Amino acid sequence: MRINSSGAIVLPDSSPGIQFGTVSSPASNTTLDDYEEGTFTPYLAGSSVNGTFTDGGSTGKYTKIGRSVTCNIHIENSTLSGASGAIRVLGLPYLIGADPYAIAGSMMLYNVIFNTAYIQAWYGNPNTDNIYGLESRSGTTWANWSAGDFNNSSLYVFFTITYQTT
């Protein structure tokens, strides 16, 4: 292999290898050339009734490589009131693809009610910019994580999530 003058890795048979470029959509003979970093503003809402979210300084940062989007979500010193249904985080930078699964790292929570016997996680709502909270109730069942658990002031919710976009 060699690196040519444009920075591409060229394989011994002269076929294209890996090329890192600045184009916004991948060419047919390259990989990993759709890279983007940015910021967004996440916010909380319920699935049945959005409720009122007062942002105390929430921030989101993302990295997109191809269809894979990784978001660092920091909801800081914020308030949610009157929300019901499942808790949702809205405002993601890209729509979630047809596969609703998302991978979330461990969460840091403050002023959020949760049962330590359950495992909390997030899953994507396809073709939207939001994720829903889930709680594992046993080894075989999941239930929506109640937005009522977030109806509080001075909320802090920090986590990282990775999902596939459309």
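Residues numbered from 1 in each chain as written. Predicted model: local features only at pLDDT ≥ 70, side-chain atom pairs only at ≥ 80, totals over all residues. Heavy atoms only, no water.

Draft legend 1. The nonpolar core, seen in detail. Within the largest apolar cluster, 26 residues are counted, with the highest numbers of intra-cluster contacts made by Leu-44, Cys-71, Ile-73 and Phe-150. Taken together, the elements giving at least two residues each to this core come down to strand E7 (68-81), strand E8 (87-90) and strand E14 (152-164). In this view, Ile-73 contacts Phe-40, Pro-42, Thr-59, Val-89, Leu-92, Val-157, Phe-158, Phe-159 and Ile-161; residues no more than four positions away in its chain are not counted. (Core = buried A, V, L, I, M, F, W, Y, C linked by side-chain atoms within 4.5 Å. Buried < 20%, exposed > 50% of the residue type's maximum accessible area, 1.4 Å probe, protein only. Helix = DSSP H or I, 4+ residues; strand = E, 2+ residues; numbered from the N terminus. Contact = heavy atoms within 4.5 Å.)

Draft legend 2. Just the side chain of Ser-78, in detail. Topologically, Ser-78 is positioned in strand E7. Of the polar contacts made by the side chain of Ser-78, one reaches the side chain of Ser-58; its length is 3.3 Å. In terms of polar contacts, Ser-78 uses its side chain to reach the backbone carbonyl oxygen of Glu-76, at 2.9 Å. (Polar contact = N/O pair within 3.5 Å; in protein donor to acceptor, adjacent residues only side chain to side chain.)

Draft legend 3. Here's a closer look at the environment of Arg-2. Assignment of secondary structure puts Arg-2 in strand E1 (residues 2-3). Residues Arg-2 and Pro-12 lie 10 residues apart in sequence; the distance between their C-alpha atoms is 7.7 Å. Those residues within four positions of Arg-2 in sequence are excluded, and the remaining contacts are Ala-8, Ile-9 and Val-10.

Draft legend 4. Focus on the packing of aromatic side chains. Here the structure, examined in full by the defined rule, presents nine aromatic pairs. Ring centres of Trp-122 and Phe-159 lie 4.8 Å apart, and the angle between their planes is 10°; on these two criteria the pair is classed as stacked. Taken together, the positions of Trp-122 in strand E11 (residues 119-124) and Phe-159 in strand E14 put the pair 37 residues apart, joining distant regions of the chain. A single burial state applies to Trp-122 and to Phe-159, both of which are buried. (Phe/Tyr/Trp six-rings, centres within 6.5 Å; stacked < 30°, edge-to-face > 60°.)

Draft legend 5. View of unusual backbone geometry. The backbone of Asn-77 sits at a positive phi, close to 45°, despite the residue not being glycine. As for its position among the elements, Asn-77 is in strand E7. The phi angle at Ser-154 is positive, at roughly 55°, despite the residue not being glycine. Looking at the element boundaries, Ser-154 is found in strand E14.

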